[in-house]
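The lines below spell out each chain.
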Amino acid sequence: MATTEDVWRKDLKMIHGYPMIYAFALDWERMEEFQSRPDDLVISTYPKSGTTWISEIVDMVLNDGNVEKCKRDVITSKVPMLEMSVPGLNISGIEQLKTTPPPRIIKTHLPIDLLPKSFWENKCKMIYLARNAKDVAVSFYHFDLMNSLHPLPGTWEEYLHKFLAGNVPYGSWFSHVKSWWEKKKEHPLLFLYYEDLKQNPKEEIKKIASFLGKTLDNETLDRIIHHTSFEMMKDNPMVNCTHMPSSMLDHSKSPFMRKGVVGDWKNYFTVAQNEKFDAIYKKEMSGPTFKFCTDIQSA
Ligand code: A3P
């Protein structure tokens with residue numbers, strides 16, 4: 001039986017061609033055998049795209065904006081992470097889901113190919129939140145500094161190289177976003193952007209409500225926007241992940257609720273790094289027409 005010491009800061013392990021967090025990759029059969037329920041709602045993202053934010057928004061929408069109800073538990077219990085598994089700490093998304101009352105909201109970062117087949121067979125509704133790649137890279141770098149389940153990132157320059165090569169947990173941002181985008185053609189999937197949510201939360205929350213069959217009045221929408229603003233979530237111990245063991249998430253290295261802005265990449269990318277990034281981006285994203293913005297003014 002593995003202990004936490006065996007999984008902290010370990011190299012990624014390949015699962016069907018995708019680099020996976022070592023602890024999660026142990027006993028992968030459990031993922032392949034996972035049985036969904038038709039009323040499960042999946043929240044899917046590439047890491048650091050605002051998963052916690054949209055999870056709290058969805059929980060609020062489903063609870064008609066009732067703040068008290070939304071304080072019933074911490075976010076990691078209200079919205080379990082499917083692939084999460086930490087031997088030694090007794091943390092397992094699949095075990096949690098066995099006792100989560102339906103309808104369940106399930107978080108995952110898995111690429112399409114690794115998501116248990118049962119979700120597709122049951123035609124479970126899914127919400128995908130995408131965030132511009134430059135801010136994701138910066139956020140992911142900081143997350144690697146504070147999360148013992150990930151390999152150390154190295155310098156920013158070294159990390160950016162790994163990110164562009166897809167040599168990070170869950171693999172390439174480009175493949176992830178493109179494949180989930182394609183999937184919406186054939187599956188009930190709402191595709192949203194972090195930058196839109198930041199710029200026009202009311203419209204985006206209305207889209208979420210409508211996708212979930214809810215109609216919310218203006219006052220409720222305003223309450224959800226307020227409760228899920230970065231400033232509110234940063235200080236809310238139910239959602240800011242400070243409840244997680246500090247041996248796993250060390251907020252003194254970098255807080256989980258770090259900045260929550262669009263365009264922080266400009267504080268990290270050198271001109272040369274930006275040019276290299278843009279060249280790779282152009283090649284990788286030449287197909288579908290995404291509307292990513294990397295600066296809120298240019299949205
Ligand atoms: P930064 O590191 O850029 O600040 P995830 O939940 O997928 O791990 O994403 C984490 C990122 O979302 C972090 O980005 C975090 O600060 C940001 N975030 C969390 N809550 C947010 C909110 N309410 N509004 C905007 N951004 C938020």
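Residues numbered from 1 in each chain as written. Predicted model: local features only at pLDDT ≥ 70, side-chain atom pairs only at ≥ 80, totals over all residues. Heavy atoms only, no water.

This structure, assessed with the given rule, holds 27 aromatic pairs. Note on W53 and Y194: the rings are 5.1 Å apart at their centroids and 75° apart in plane angle, and the pair reads as edge-to-face. Here W53 is found in helix α4 (residues 51-62), whereas its partner Y194 is found in helix α12 (residues 194-199), with 141 residues between them in sequence. Neither residue differs from the other here; W53 and Y194 are each classed as buried. Ring-pair connections join several aromatic residues into one group, and the members of that group are W120, Y128, W173, F174, W180, W181, F191, Y193, Y281, F290 and F292. A cation over a ring is seen here: K184 above W181, with NZ or CZ 3.9 Å from the ring centre. (Phe/Tyr/Trp six-rings, centres within 6.5 Å; stacked < 30°, edge-to-face > 60°. Helix = DSSP H or I, 4+ residues; strand = E, 2+ residues; numbered from the N terminus. Buried < 20%, exposed > 50% of the residue type's maximum accessible area, 1.4 Å probe, protein only. Lys NZ or Arg CZ within 6 Å of the ring centre and 35° of its normal.)

Of all the five residues making up strand β8 (residues 189-193), five are buried; the element is thus mostly covered by neighbouring parts of the structure. Of the two faces of β8, both are covered, the one formed by L189, F191 and Y193 as well as the one formed by L190 and L192. Judged from the five bridges that link them, strand β7 (residues 125-130) and β8 form a sheet pairing that is parallel. Across the sheet, the residue bridging to M126 is L189, located in β8. (Pairing = 2+ DSSP bridges.)

Time to look at helix α10 (residues 156-165). Within α10, burial applies to W156, Y159, L160, F163 and L164. Down the axis, α10 shows its buried residues gathered within 135° of arc, on one side only. Of the surrounding elements, those touching the buried residues of α10 are α9 (133-146), α11 (173-183) and α16 (271-284). Positive phi appears at G166, one or two residues downstream of α10, with a value of about 75°. (Arc of directions from axis to C-beta. Contact = heavy atoms within 4.5 Å.)

Next up on the list: the pattern of salt bridges. A full pass over the atoms with the stated rule returns 21 salt bridges. One salt bridge connects E186 with K183, and the closest N-O pair in it is separated by 3.0 Å. The class of K183 is buried, set by a relative accessible area of 18%. Taken together, the salt bridges that share partners define one network made up of E56, D59, R72 and K78. (Salt bridge = Lys/Arg side-chain N within 4 Å of Asp/Glu carboxyl O.)

The next thing to look at is the nonpolar core. Formed by 98 residues in total, the largest nonpolar core has its most connected members in L82, F163, W173 and I208. For this core, the element with the most residues is α9, which contributes eight residues. (Core = buried A, V, L, I, M, F, W, Y, C linked by side-chain atoms within 4.5 Å.)

It is the contact of α9 with α10, at a shortest axis distance of 10 Å, that shows an interaxial angle of 120°. Compared by their axis directions, α9 and α10 come out oblique. Considering the relative orientation of α9 and α10, their crossing is right-handed. Residue-level contacts link A133, V136, A137, V138, F140, Y141 and D144 of α9 to W156, Y159, L160 and F163 of α10. Among the residues forming the contact of α9 with α10, the class breakdown is 10 nonpolar, no polar and one charged. (Axes fitted to C-alpha atoms, helices over the stretch in contact; angles between N-to-C directions. Parallel < 35°, antiparallel > 145°, perpendicular 65-115°, else oblique. Left-handed = near helix turned anticlockwise from the far one by under 90°. Nonpolar A, V, L, I, M, F, W, Y, C, P; charged D, E, K, R; others polar.)

Here the focus is the site of the ligand. Close contacts around the ligand come from 19 residues, with T51, T52, S139, K259 and G260 the closest. Contacts to the ligand include R131, whose side-chain N or O atom sits 3.0 Å from an oxygen atom. K259 is positioned such that a nitrogen or oxygen atom in its backbone is 2.6 Å from an oxygen atom of the ligand. About the coverage of the ligand: the protein hides 98% of its 570 Å² of free accessible area. Those elements giving two or more residues to the shell around the ligand turn out to be α4, α12 and α15 (230-234). (Near = heavy atom within 4 Å. Polar contact = N/O pair within 3.5 Å; in protein donor to acceptor, adjacent residues only side chain to side chain. Areas by Shrake-Rupley, 256 points an atom, 1.4 Å probe, with all protein chains shown as cover.)

Any link to function would need more than the numbers given here.
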